[in-house]
Amino acid sequence: MPSDFGSRVQAQAKEIIEAGTSYDYILDVWKSRHFGADIVGKVLLVSVGPGSIKNSKGIHVQICGKAGSGKSDAAMKMAELMNPKWMLSSALTPQVLFYPTEGFIDGSIVFIDDMVWNSELGVSVKRITSAFQTGAQRVVTTDGFGIRQTSNKRLTFWVTSVDSQADEQIRDRFILVESDSSEEHIKKCLDMLKIKAAGKTAKVDDDFEIAVCHALFKDLRSWFGEVVIPFAEDIEFLSDDLRAFTMFTDMVK
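The rules behind these values
- Residues numbered from 1 in each chain as written.
- Predicted model: local features only at pLDDT ≥ 70, side-chain atom pairs only at ≥ 80, totals over all residues.
- Heavy atoms only, no water.
- Pairing = 2+ DSSP bridges.
- Helix = DSSP H or I, 4+ residues; strand = E, 2+ residues; numbered from the N terminus.
- Axes fitted to C-alpha atoms, helices over the stretch in contact; angles between N-to-C directions.
- Contact = heavy atoms within 4.5 Å.
- Buried < 20%, exposed > 50% of the residue type's maximum accessible area, 1.4 Å probe, protein only.

Caption draft 1: Looking closely at the sheet that holds strand β2 (residues 87–89). Read across the open sheet, the five strands follow the order β2-β3-β6-β1-β7; overall the sheet is parallel. Here the strands that pair on one side only, and so sit at the sheet edges, are β2 and β7 (174–178). Across this sheet, the average inter-strand angle for adjacent strands is 15°, counted without regard to direction. With five bridges joining them, strand β1 (residues 60–64) and β7 adopt parallel strand pairing. In the strand pairing of β7, Val61 is matched with Ile175. Across the sheet, helix α5 (residues 120–129) lies against β1, β3 (109–112), β6 (156–161) and β7, angled at about 145° from β6, the strand it touches most.

Written out as structure tokens, the structure is:
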């Protein structure tokens, strides 16, 4: 790796931050790596912000779709662009979310592939999302003594599932988005795979782009505070669902 790699990354990140185009840059890098519905990448990125906002209830994402539709790839490709300091993408047990884990800190994003909501892990995730700012608590018994455990604060969950069904509790906290599983999309993906296998795609500096994205995410997490919406009273929200309005304003923030 060239000796000036780090300085080039920081210079590029600084230019993007000052231009206010961090969101666009990361989304474009993701789109160059994942061939699928843009809305999935947009929603994943929007969910990242609340982890740095003091007065947010959090935004979480559930990607649904048939096997082979690219839902897992969409999340994994975005996970690669998030700074690993705040990214947990591995097989989990329900207990991990409540026990102190090395490198697992407040404001992290947790990616869970093939979520089963009626499992113990699913129940734990629901409990944690209901206490976004403070972390959820549970009490376990060890050697005859009750021990209070608290999850990390401001955890953001990305989950995938084949089934789009979800109970009301999940719909209150998660944005449900469908991966494109149409025959037309599958054919386009197959054509793109053939082009890549033939070595006909444009060469890009993967390491550099990923490092820049990591730097942009680190900049976001370096700030933590309250966000207000000056024009909030002028918003015309065509729904009487107060919980939907709360999620909408969190997206604006």
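Caption draft 2: Focus on unusual backbone geometry. One non-glycine residue, Asp114, lies in positive phi territory at about 55°. The exposure class of Asp114 is partly exposed, given its relative accessible area of 49%. Despite not being glycine, Arg154 has its phi angle at roughly 50°, a positive value.

Caption draft 3: Region of interest: the side chain of Asp250. With respect to the helices and strands, Asp250 occurs in helix α9 (residues 242–252). Asp250 sits in the buried class, given a relative accessible area of 4%. Once residues lying within four places of it in the same chain are set aside, the contact partners of Asp250 are Asn55, Ser56, Lys57, Gly58 and Ile59.

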